[in-house]
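# An overview of the molecular structure
Now for the letters of each chain:
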Amino acid sequence: MADPSKPARSEDNGLAARRGKPTLRTIADITGLAVTTVSRALAEAPQISAETRRRVREVAIEIGYSPDRAAQRLKTGRTNVIAVLLDPHEEILGYGTSIMNGISKALQGTSYHVIVMPNFLNTTNVEAVNYITRNSMADGVIFSRTEPLDPRVMLLSEIGFPFVTHGRTELSTPHAYVDYDNFTFSYQATRRLIAKGRRKPALISGPAGFTFAGHLQHGFMTAVREAGCAYEILSGIDLDSPAGDIRDRVRQRYSEPDPPDSFMCGGEVCALATITGMSDCGLTLGNEYDIVAKQTSHLLGAIQPQVETIYEDLTATGEDMGRVLLQRIGGETDVSKLQLLLSPQIPANW
């Protein structure tokens, strides 16, 4: 018989946790930490060491801990909710699924869960953010497709509401973000086309008004100016255009004088539509023209292995955004720790 005067072993606590609803006290007993330390660790408070936060999360996952959200909101005023605004753009295959998978990984074992809100193009970006903050629907928000002077960033910064963006801005006030280095991607992709002997690369750019479109164009123009070669930024279409419109525009452009002989595509849908348009003109990829594209899934490589690609890991991006936002909610004020610029994965054989 166990001696009641001695504290229970962690193994016994783990078994007991499985017999009833695990609580913060359960995690505290297993880890030997104070309840307040466990609570702050689950909230990703920066004052708690990374090792302690990791240990507490692992125990929480192991015993199936789930916070009493109603009680927590009454006690702390927090919702334990993170809102994610997703745009219905289609140039990136599996964008929403990959991003959400990554965010869920970052939140696993914490007290937070996610709500997803569609940010339709027929409403303003500020309306969606206002709705969340006005109605106290979340403790933090994640959104993408930033503008150079993004009104959402200005609003949230002004009211001190925690957020992280997928993309940067040109605002003077620094803010939390996770971004892919689209300048380097575009620059290296265009250089690759030129290295393959192409004399007139063309860019199918992002929609005007978004920060990443400017980065794509800057990288493209830097590469062609260094090489001193002809170039073209295709008019009438962008990465948000329907695949059929991209196909038709590429086909039309090739029927006109002095067409491009290669394409830099910022997404797989764009690349596949371009290939279809060129095929309609009787041209063969790798012979009469080349493409370098950004790849976020395995579809393009499976269907068109001749297309050279640079990979962007959207799941890792989502995980980074979730982690950064938790740090911001937890009280991190050093913005330099809340800004990540992810480097493109350039193929070694380039």
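As a reminder, the structure under discussion sits directly above these lines.
Residues numbered from 1 in each chain as written. Predicted model: local features only at pLDDT ≥ 70, side-chain atom pairs only at ≥ 80, totals over all residues. Heavy atoms only, no water.

Here the focus is unusual backbone geometry. A positive phi angle, near 50°, is found at S136, a position not held by glycine. Of note, D258 is a non-glycine position whose phi angle comes to about 50°, a positive value. Inspection of the secondary structure assignment puts D258 in the loop between α11 (243-254) and β8 (262-265). The exposed category is assigned to D258, whose relative accessible area is 55%. (Helix = DSSP H or I, 4+ residues; strand = E, 2+ residues; numbered from the N terminus. Buried < 20%, exposed > 50% of the residue type's maximum accessible area, 1.4 Å probe, protein only.)

To continue, consider the packing of aromatic side chains. All chains considered together, the criterion is met by six aromatic pairs. Ring centres of F143 and F163 lie 6.0 Å apart, and the angle between their planes is 15°; this geometry places the pair in the stacked category. With F143 in strand β3 (residues 140-144) and F163 in strand β4 (residues 163-166), this residue pair connects regions lying 20 residues apart in the sequence. Comparing F143 with F163, the two get one shared label, buried. Each ring, one from F263 and one from Y289, has its centre 6.3 Å from the other, and the planes form 80°; the classification is edge-to-face. Note that F263 is positioned in strand β8 and Y289 in the loop between α12 (268-280) and β9 (290-295), a separation of 26 residues in sequence. In this structure, F263 and Y289 share a single accessibility class: buried. (Phe/Tyr/Trp six-rings, centres within 6.5 Å; stacked < 30°, edge-to-face > 60°.)

Another point: the packing of helix α2 (residues 24-31) against helix α4 (residues 50-63). Contact geometry of α2 with α4 gives a least axis separation of 10 Å together with a crossing angle of 120°. Classed by the angle they form, the pair α2 and α4 counts as oblique. At the point where α2 passes α4, the crossing takes the right-handed sense. Every residue of α4 that contacts α2 at T26, I27, I30 and T31 is listed here: R55, V56, V59, A60 and I63. (Axes fitted to C-alpha atoms, helices over the stretch in contact; angles between N-to-C directions. Parallel < 35°, antiparallel > 145°, perpendicular 65-115°, else oblique. Left-handed = near helix turned anticlockwise from the far one by under 90°. Contact = heavy atoms within 4.5 Å.)

For the rest of this paragraph, the subject is the side chain of S205. Tracing the backbone shows S205 in the loop between β6 (201-204) and α10 (211-227). One polar contact links S205 to Q217, side chain to side chain, over a distance of 3.3 Å. (Polar contact = N/O pair within 3.5 Å; in protein donor to acceptor, adjacent residues only side chain to side chain.)

A word on the pattern of salt bridges. A complete count under the given rule lists 18 salt bridges for this structure. A salt bridge links K196 to E308, with the shortest nitrogen-to-oxygen separation between them at 3.2 Å. Residue K196 is found in the loop between α9 (182-195) and β6, and its partner E308 is found in strand β10 (residues 308-311); the two are separated by 112 residues along the sequence. R247 is the partner of D248 in a salt bridge, and the nearest nitrogen-oxygen pair spans 2.9 Å. Residue classification places D248 among the partly exposed positions, given a relative accessible area of 30%. Note on R247: relative accessible area 29%, which makes it partly exposed. Within the structure, one salt-bridge network assembled from shared partners comprises K200, E232, R253, E256 and D258. (Salt bridge = Lys/Arg side-chain N within 4 Å of Asp/Glu carboxyl O.)

A few words on the sheet that holds β4. Neighbouring strands of a sheet are bound in pairs by backbone hydrogen bonds; such pairs are parallel or else antiparallel. Here we have six strands laid out as an open sheet, ordered β2-β1-β3-β4-β5-β11, and parallel in their pairing. The open sheet is flanked by β2 (113-118) and β11 (339-342), the only strands paired with a single partner. Strand after strand, the sheet turns through a mean of 15° between neighbouring axes, direction not considered. In this sheet, strand β5 (residues 177-180) lies alongside β4 in parallel orientation, the contact comprising two bridges. The residue of β5 that forms the bridge with H166 is V178. Seen against the sheet, helix α6 (residues 95-107) touches β1 (81-86), β2, β3 and β4 and runs at an angle of roughly 165° to β1. (Pairing = 2+ DSSP bridges.)

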